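# Inside the fold
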Amino acid sequence: GEVTLVDGLVLGAALPRLDPRSPQGGVAPGLEGRLYRATEDGRELLQSWTEGSIEVVVPGPGVYRVEVWITPRQLAPYLGDVAGDYVETPIPWIYSGAMFVRG
């Protein structure tokens, strides 16, 4: 999407939940959301969170996106002997599309 920057413009994002049909062991996965802003000077992490949702007042023009990383602890019962190699390693799960904020 694309919007024009105005005073008090807020971006919000919420962490997703696993689909009930997904494999789910006795331990919940770890989730981390990350809100990034890209400008001519590079990319900066504006906020990260591990529960619920966030709302952030947009600090200026740029291209914003959200990433969700998952630590797939819920898969341990399904991975057998190799579980230890994977279930404590955060991996990218979701990348949002770009949100353009024009000045």
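Residues numbered from 1 in each chain as written. Predicted model: local features only at pLDDT ≥ 70, side-chain atom pairs only at ≥ 80, totals over all residues. Heavy atoms only, no water.

### A look at the overall build of the protein chain
To keep things clear, this is the line we draw: Secondary structure elements are taken from DSSP: a helix is a run of H or I of four residues or more, a strand is a run of E of two residues or more, and numbering for both begins at the N terminus. Here the globule rule reads 2.2 Å times residues to the power 0.38, and the radius of gyration is calculated from C-alpha atoms.
A tally of helices and strands in the protein chain yields 2 helices and 8 strands. Ordering the α and β elements of the protein chain from the N terminus gives β-β-β-β-β-β-α-α-β-β. A compact globule built from 103 residues would reach a C-alpha radius of gyration of about 13 Å, whereas the protein chain, at 17 Å, exceeds it by more than 25%. Here the C-alpha coordinates of the protein chain stretch approximately 50 × 25 × 20 Å along the principal axes.

### Looking at the packing of aromatic side chains
Threshold: Only centres within 6.5 Å qualify two rings of Phe, Tyr or Trp (six-membered ring in Trp) as a pair; their planes then separate them into stacked at under 30 degrees, edge-to-face at over 60, and tilted for everything else. Any Lys NZ or Arg CZ found within 6 Å of a ring centre and within 35 degrees of that ring's normal is scored as a charge over the ring.
Evaluation of the coordinates by the stated rule reveals 0 aromatic pairs. Residue placement shows R34 over the ring face of W69; its charged tip is 4.3 Å from the ring centre. The ring of Y36 has R43 sitting right over it, with the charged end atom 3.8 Å from the ring centre.

### Topic: the nonpolar core
The test is simple: Put simply, buried Ala, Val, Leu, Ile, Met, Phe, Trp, Tyr and Cys residues joined by side-chain atoms within 4.5 Å make one nonpolar core. Accessibility here uses a 1.4 Å probe with only protein chains present; expressed as a share of the type maximum, an area under 20% marks a residue as buried, one over 50% as exposed, and anything in between as partly exposed.
Of all hydrophobic cores here, the largest spans 10 residues; its members are A13, L15, L31, L35, W49, I54, V56, V66, V68 and I70. When contributions to this core are tallied by element, the ones reaching two or more residues are strand 3 (30–39), strand 5 (53–57) and strand 6 (62–71). Here this core gets 3 residues from one element, more than from any other, and that element is strand 6. Judged by nonpolar contacts, the second largest core, of 5 residues, contains L9, L11, V58 and V101.

### Concerning the environment of E2
Here is the rule: Whether two residues are in contact is decided by their heavy atoms, any of which lying within 4.5 Å being enough. Two N or O atoms count as a polar contact when they lie within 3.5 Å, although within protein this holds only if one can serve as hydrogen donor and the other as acceptor, and sequence-adjacent residues are included solely when both atoms are side-chain atoms.
Relative to the assigned elements, E2 resides in strand 1 (residues 2–4). With 97 residues separating them in the primary sequence, E2 and M99 have C-alpha atoms 5.8 Å apart. Among all residues touching E2, those that are not within four sequence positions of it are F100 and R102. There is a polar contact of 3.2 Å between the side chain of E2 and the side chain of R102.

### A few points about the pattern of salt bridges
This is how the line gets drawn: Here, a salt bridge means any Lys or Arg side-chain nitrogen found within 4 Å of an Asp or Glu carboxyl oxygen.
A full pass over the atoms with the stated rule returns 7 salt bridges. Ionic pairing is found between E88 and R73, a salt bridge with its closest N-O pair at 3.1 Å. Of this pair, E88 sits in the loop between helix 2 (83–86) and strand 7 (91–95) while R73 sits in the loop between strand 6 and helix 1 (76–79), placing them 15 residues apart in sequence. On the accessibility criterion, E88 (48% relative accessible area) is partly exposed. What you see here is one network of salt bridges that share partners, running through R43, R65 and E67.

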